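Structural features, examined
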Amino acid sequence: MVKTPKDNDIMSKLVSLAKQRGFIFQSSEIYGGLNSFYDYGPLGVELKNNVKQAWWKSMVHSRKDVVGLDSAILMHPKIWEASGHVQNFSDPLVDCKKCKRRFRADHLLEAQGIKPDLGTMKDKPKELEKCPECSGELTEIRQFNLMFKTFMGPVEDDASVVYLRPETAQGIYVNFLNVLDSMRLKLPLGIAQIGKAFRNEITPGNFTFRTREFEQMEMQYFVHPKEANKFFDDWKEQRMQWYLDLGMNKKNLRFREHGKDELAHYAKKAVDIEYKTPFGWSELEGIHNRGDWDLSRHSEFSDQDLKYTDDAGKKFYPYIVEASAGADRGTLMFLLDAYTEVAGGRSTTTKSIKEVEVMLNFDKVLSPIKIAVLPLSKKPDLEKTSQQVLDSLQQNWHCQYDQTGSIGKRYRRQDEIGTPYCVTIDFESLEDKSVTVRDRDTMEQERIKIEELLDYFKSKLKS
Ligand code: GAP
């Protein structure tokens, strides 16, 4: 198979494929869209659910030291004071007085090759005099808090302010004791959670890469302080392996260790797993050694003792090693990684070979549709058998039934959405009670007895 090189247009091609084939739509599109918000279509919701389920299976179900949690999005506002978000979760912002565009000051400096000192950036350096778009004058830098605020109850005053959580992690820390007591667990132990987070990002962009509403998959691992570095290294490797096991190309992944000057206020050590996107190496997941910052701060602000008591009766704050991934970012990277253009076409069964055929060669675990059932004609007896095949397969796997267009076109449509197997029912099937199974990647075709089809796919598909 000849692959065309991935080019710079790939994002626009992917955005258009995502819309045309029901993966991702602009939110509120019929009203002109709402910037940086997206809706997942019928295939997108399957893909993203498969990403989340693969994460949950690997982080919770296949381990005896990690349990799950689903905490509320709106929480006590003091949580965000304790976590440091009220004080620190802000980006330096400048506005253009002429064109009214808004920029992150640190991004503008980075674009000019200057490494900004985020902690101390208050005065405007000379590199931030002019707007990069229209050369208009830029305002002074101001710190802009990224948390979305809303009001609880009927009165809109300071006392009723609550925040939409900007990360799921805090819901885990404030439930540490509940989980510990109810599950009778000992260190080291992990608590995992998947859920929505909200950030009023100044410069969202690159499709679903940076949005204002997104989902996180976070796991907080509570350990003895002496073991934090060891577990940090372990999790770093395990998390990288997860992406590789789900078929991501090794050359598109790398680690990036954070320098001392860029560590978040809570982190003692941090490393990102980065993906090589068409817009550059970009963060996919962060692994952090958060020390005892979270539990000690929540103890102080809640007046509750969140220390752990070991078997020898010694009390201490566990350190936390966090693996924090984005479900939407992950889904986007899996889409990008699977996107393949085949020059010259690879179908042998169709006359209308296109110059370039597109396929999404997802790992089977991630494919939104596992099996397509394709009757060769609409004749009633063929349809009846095809329906029976569909009925039995869809008890186990998500299937699609397609009876329109030539068989070559139908194969290509399934390749384009990443379906690993197509089952074709032809007139011979009525005689020999067999069907043809076509493999997406090899395009090899096998004749399989209908009564053996379930076992055949059980051996081919992991879930
Ligand atoms: N609890 C730690 C934490 O939230 P983070 O690096 O700010 O750390 C973790 O976020 C992950 O969440 C990122 O690696 C990314 O995958 C995802 N993420 C963060 N902000 C996002 C945004 N605006 N849009 C989409 N995903 C985002």
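Small disclaimer: the values here were computed from a predicted structure and weren't measured.

Basis of the calculations
- Residues numbered from 1 in each chain as written.
- Predicted model: local features only at pLDDT ≥ 70, side-chain atom pairs only at ≥ 80, totals over all residues.
- Heavy atoms only, no water.
- Buried < 20%, exposed > 50% of the residue type's maximum accessible area, 1.4 Å probe, protein only.
- Helix = DSSP H or I, 4+ residues; strand = E, 2+ residues; numbered from the N terminus.
- Pairing = 2+ DSSP bridges.
- Axes fitted to C-alpha atoms, helices over the stretch in contact; angles between N-to-C directions.
- Domains from an automatic or database assignment.
- Parallel < 35°, antiparallel > 145°, perpendicular 65-115°, else oblique.
- Contact = heavy atoms within 4.5 Å.
- Nonpolar A, V, L, I, M, F, W, Y, C, P; charged D, E, K, R; others polar.
- Phe/Tyr/Trp six-rings, centres within 6.5 Å; stacked < 30°, edge-to-face > 60°.
- Lys NZ or Arg CZ within 6 Å of the ring centre and 35° of its normal.
- Near = heavy atom within 4 Å.
- Polar contact = N/O pair within 3.5 Å; in protein donor to acceptor, adjacent residues only side chain to side chain.
- Areas by Shrake-Rupley, 256 points an atom, 1.4 Å probe, with all protein chains shown as cover.
- Left-handed = near helix turned anticlockwise from the far one by under 90°.
- pLDDT = per-residue confidence, 0-100.
- Salt bridge = Lys/Arg side-chain N within 4 Å of Asp/Glu carboxyl O.
- Core = buried A, V, L, I, M, F, W, Y, C linked by side-chain atoms within 4.5 Å.

This paragraph deals with the pairing of strand 12 (residues 269-277). When you tally the buried positions in strand 12, you get seven out of nine residues, the bulk of the element. In this structure, strand 12 lies alongside strand 13 (residues 280-289), joined through nine bridges in antiparallel fashion. Considered in strand 13, the bridge of threonine 277 is made with glycine 280. Where strand 12 folds back on strand 13, the antiparallel hairpin that results is connected by two residues.

Here we come to the sheet that holds strand 3 (residues 66-69). Strands sit in the order 3-9-10-16-13-12-11 across an open sheet of seven strands; the sheet is mixed. On the outer flanks of this sheet lie strand 3 and strand 11 (253-257), each paired with one strand and no other. This sheet shows a mean twist of 25° between the axes of neighbouring strands, independent of strand direction. As paired strands, strand 3 and strand 9 (residues 189-198) are joined by four bridges and run parallel to one another.

This next bit is on the domain arrangement of the protein. When the parts of a complex come together, some accessible area is lost, and that lost area is often taken as the interface size. Its domain assignment divides the protein into domain 1 (2-74 + 156-336), domain 2 (90-145) and domain 3 (364-460). For domain 2 versus domain 3, the separation of C-alpha centres amounts to 56 Å.

What follows covers the packing of helix 1 (residues 10-20) against helix 10 (residues 327-338). It is at 11 Å that the axes of helix 1 and helix 10 come closest, and there the two elements cross at 105°. Viewed along their axes, helix 1 and helix 10 adopt a mutual orientation that is roughly perpendicular. On helix 10, the residues that touch Ile10, Met11 and Leu14 of helix 1 are Leu332, Leu335 and Leu336. Considering only residue class, the contact of helix 1 with helix 10 consists of six nonpolar, no polar and no charged.

Counted according to the given criterion, the structure contains 13 aromatic pairs. Residues tryptophan 55 and tryptophan 56 carry aromatic rings whose centres are separated by 6.3 Å and whose planes lie at 40° to one another, so their mutual orientation is tilted. Here a set of aromatic residues connected by ring pairs shows up, and it is made of Trp397, Tyr421, Tyr456 and Phe457. Over the face of the ring belonging to phenylalanine 231 we find lysine 230, whose NZ or CZ atom lies 4.1 Å from the ring centre. Sitting over the face of the ring of phenylalanine 255, lysine 236 holds its NZ or CZ atom 4.8 Å from the ring centroid.

Here we take up the site of the ligand. Around the ligand sit 22 residues, and of these Glu167, Glu201, Glu218, Glu283 and Glu322 come closest. Between phenylalanine 209 and the ligand, the recorded distance is 3.4 Å, taken from a backbone N or O atom to a nitrogen atom. Side-chain polar atom of glutamate 322 to a nitrogen atom of the ligand: 2.7 Å apart, as the coordinates give it. Here the ligand, which alone exposes 560 Å², has 92% of that area covered by the protein. Looking at the shell around the ligand, the elements that each hand over two or more residues are strand 10 (213-223), strand 13 and strand 16 (319-326). The element best represented in the shell around the ligand is strand 13, accounting for five residues. The residue makeup of the shell around the ligand, split by class, is six nonpolar, six polar and 10 charged.

Judged by pairing direction, the sheet is antiparallel, and its three strands sit side by side in the order 5-4-6 without closing on themselves. The outermost strands of the open sheet, each flanked by one partner alone, are strand 5 (102-104) and strand 6 (142-145). Averaged over all neighbouring strand pairs, the angle between strand axes comes to 50°, with direction disregarded. Here strand 4 (residues 90-95) runs beside strand 5; their pairing, made up of three bridges, is antiparallel.

Packed helix pairs are specified by the crossing angle of their axes together with the interaxial distance, meaning the distance between the axes. The contact between helix 2 (residues 42-61) and helix 10 brings their axes to 10 Å, and the two run at 110°. Relative to helix 10, the element helix 2 lies roughly perpendicular. Crossing of helix 2 against helix 10: the hand is right-handed. Seen from helix 2, the contacting residues are Leu47, Lys48, Val51 and Lys52; seen from helix 10, they are Ala327, Asp328, Thr331, Phe334 and Leu335.

With respect to the helices, strands and loops of the structure, proline 116 is situated in the loop between helix 5 (105-111) and strand 6. Under the relative-accessibility criterion, proline 116 is labelled buried at 17%. As for proline 116 and lysine 378, which are separated by 262 residues in sequence, their C-alpha atoms are 65 Å apart.

This part covers the confidence of the model for the protein. For the protein, per-residue confidence averages 93 on the pLDDT scale, and residues scoring 70 or more make up 94% of the total. Predicted confidence for residues 1-5 stays below pLDDT 50, and this span has 11 contacts to residues more than four positions away or in other chains.

Moving on, we come to the pattern of salt bridges. Where charged atoms from two side chains of opposite charge approach closely, those side chains can pair. According to the stated counting rule, one finds 30 salt bridges in the structure shown. The partner of glutamate 29 in a salt bridge is lysine 19, with the nearest N and O atoms 2.7 Å apart. Taken together, the positions of glutamate 29 in the loop between strand 1 (24-26) and strand 2 (38-40) and lysine 19 in helix 1 put the pair 10 residues apart, joining distant regions of the chain. For lysine 19, a relative accessible area of 42% translates into the label partly exposed. In this structure, aspartate 328 and lysine 48 form a salt bridge, with 2.9 Å as the shortest nitrogen-oxygen distance. One end of the pair, aspartate 328, is in helix 10; the other, lysine 48, is in helix 2, with 280 residues separating them in the sequence. Taking relative accessible area as the criterion, lysine 48 reaches 7% and is therefore assigned buried. Each of the salt bridges in this network shares a partner with another, and the network as a whole consists of Arg254, Arg256, Glu262, Asp272 and Glu274.

Among the nonpolar cores identified, the biggest contains 57 residues, and Phe23, Met219, Trp242 and Tyr243 are the most heavily contacted of them. Each of domain 1 (2-74 + 156-336) and domain 3 (364-460) accounts for three or more of the residues forming this core. Excluding residues within four positions of it along the chain, tyrosine 243 makes contact with Met248, Leu253, Ile273, Leu284, Glu285, Ala325 and Phe334. Formed by 19 residues, the second largest nonpolar core is a distinct cluster that contains Leu69, Tyr173, Leu189 and Tyr317.

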